[in-house]
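Coordinates in review
Take a look at the letters that make up each chain.
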Amino acid sequence: MSDVTRLGVFKTYKLYVGGKFPRSESGRVYEVTDSKGKWLANAPLSSRKDARDAVVAARKAFGGWSGATAYNRGQILYRIAEMLEGRREQFVREVADAEGLSKSKAAAVVDAAIDRWVWYAGWTDKIGQVVGGANPVAGPFFNLSTPEPTGVVTVLAPQESSFLGLVSVIAPVIATGNTVVVIASEKSPLPALSLGEVLATSDLPGGVVNVLSGLTAEIAPSLAAHQDVNAIDLTGADEALAKELEIAAADNLKRVLRPQPVDFSEAPGTHRLTAFLETKTVWHPTGSLGASGSAY
């Protein structure tokens, strides 16, 4: 072959909605730069229509995902970690650009994010034993409490921790059977958009995770007020926006996880697993045996 200089193939970043990769329906984009102001890519500027489409996709996926066995969900989360491991170098580069980190520090962040998927994969079939169980009652009854997913959850991803923080707020929500509409970091959305490509090849059903990029303050209010969204995580909102969104969320009694300072490099614990779970309690008669009143 002759020595011909190739034209570069620039990556086109797209949204991830319903298992597909649409451009924003508005056709708008915005420039994404690195920590030094160098242009990296044009990211889709999501509209309220994109947000509504994402909610429709999340609701459609909820029945199958919440009805899957916890063991199966764990397998899929572990598969996501496997696929990320295979694309590790790409994410190291994107995280380094997004957060202004050296390659070694970015590699540590990506490794921690992969490990976090494994952490939550292990919890899928164990959280029920931690927060559920048999309750002692006075009478011939079984009284059992079991956790169930809340439904469709909107997640405002952390603004600064574009990948580890992103994984830390998505993984626990889907591990427990919820589906997610996530608004990526406004200034550093590229790792989140690339994550969509990993999710699409990880056996995760389309619609379980939907990734939007754009202006958080523009997209979030319509999701906070959306009547088919059951909960919202305000991690990536500033104080003023969080207050506005919490007021909007009250209209249909959404669960709200308020923003709070967090170091995503620390052990995650289980509080994000339980934040979007409901508890179902069932009473069942044991049945009496004979006149003595003994029961089984």
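Please refer to the structure placed before this passage.
Presented here is an overview of the structure given in this document. (Residues numbered from 1 in each chain as written. Predicted model: local features only at pLDDT ≥ 70, side-chain atom pairs only at ≥ 80, totals over all residues. Heavy atoms only, no water.)

Helix and strand content of the protein chain: 10 helices and 12 strands. Taken along its principal axes, the extent of the C-alpha atoms in the protein chain is 95 × 45 × 35 Å. In the protein chain, which comprises 296 residues, the share counted as buried stands at 46%. Within the protein chain, contacts between residues at least 6 apart in sequence are counted, and of these 76% link residues at least 24 apart. For the protein chain, the accessible surface area stands at approximately 14,400 Å², while carbon and sulfur atoms represent 55% of it. (Helix = DSSP H or I, 4+ residues; strand = E, 2+ residues; numbered from the N terminus. Buried < 20%, exposed > 50% of the residue type's maximum accessible area, 1.4 Å probe, protein only. Contact = heavy atoms within 4.5 Å. Areas by Shrake-Rupley, 256 points an atom, 1.4 Å probe, with all protein chains shown as cover.)

Neighbouring strands of a sheet are bound in pairs by backbone hydrogen bonds; such pairs are parallel or else antiparallel. Strands sit in the order β7-β6-β5-β8-β9 across an open sheet of five strands; the sheet is parallel. Looking along the sheet, the strands with just one partner apiece sit at the ends: β7 (209-212) and β9 (255-257). Averaged over neighbouring strand pairs, the angle between their axes works out to 15 degrees when direction is ignored. The sheet contact formed by strand β5 (residues 152-156) and strand β6 (residues 179-183) spans five bridges and is parallel. (Pairing = 2+ DSSP bridges. Axes fitted to C-alpha atoms, helices over the stretch in contact; angles between N-to-C directions.)

On to the pattern of salt bridges, then. Applying the stated criterion across every chain, the model contains 15 salt bridges. Close ionic contact of Asp-53 with Lys-49 constitutes a salt bridge, the shortest N to O distance being 3.0 Å. Taken together, the residues span about one helical turn, with Asp-53 and Lys-49 both in helix α1 (residues 48-67) at a distance of four residues. Put simply, Glu-197 and Arg-87 hold a salt bridge, and the shortest N to O gap is 2.7 Å. Here Glu-197 is found in helix α7 (residues 190-199), whereas its partner Arg-87 is found in the loop between α2 (70-86) and α3 (88-99), with 110 residues between them in sequence. Residues joined by salt bridges that share partners form a network here, namely Arg-88, Glu-89, Lys-103 and Asp-111. (Salt bridge = Lys/Arg side-chain N within 4 Å of Asp/Glu carboxyl O.)

Here we take up the sheet that holds strand β4 (residues 141-149). Taken in spatial order, the three strands make up an open sheet running β3-β4-β10, and their pairing is antiparallel. This sheet does not close on itself; its edge strands, each paired only once, are β3 (133-134) and β10 (277-285). Summarising the sheet, β4 and β10 pair through nine bridges and their orientation is antiparallel. Note on β10: the bridge partner recorded for Phe-141 is Pro-285.

For the rest of this paragraph, the subject is the side chain of Thr-176. Within the secondary structure, Thr-176 sits in the loop between α6 (164-175) and β6. The exposure class of Thr-176 is buried, given its relative accessible area of 5%. Among the polar contacts made by the side chain of Thr-176, one reaches the main-chain carbonyl oxygen of Pro-172 at a distance of 3.2 Å. Contact partners of Thr-176, with chain neighbours within four places excluded, come to Arg-73, Ile-127, Pro-149, Leu-273 and Leu-277. (Polar contact = N/O pair within 3.5 Å; in protein donor to acceptor, adjacent residues only side chain to side chain.)

This paragraph deals with the layout of surface pockets. A volume near 560 Å³ is recorded for the largest pocket. As for the largest pocket, its lining consists of 24 residues, of which Lys-11, Tyr-13, Trp-39, Leu-40 and Ala-41 are closest to the centre. Secondary-structure elements contributing two or more residues to the lining of the largest pocket are β2 (39-44) and α3. It is β2 that contributes the most residues to the lining of the largest pocket, five residues altogether. Tallied by class, the residues present in the lining of the largest pocket amount to nine nonpolar, six polar and nine charged. (1 Å grid on protein atoms, 1.4 Å probe; cavity = no way out; pocket = protein on both sides within 12 Å on 5 of 7 lines; lining within 4 Å. Points joined across faces, edges and corners; volume = space filled by probe spheres on them. Nonpolar A, V, L, I, M, F, W, Y, C, P; charged D, E, K, R; others polar.)

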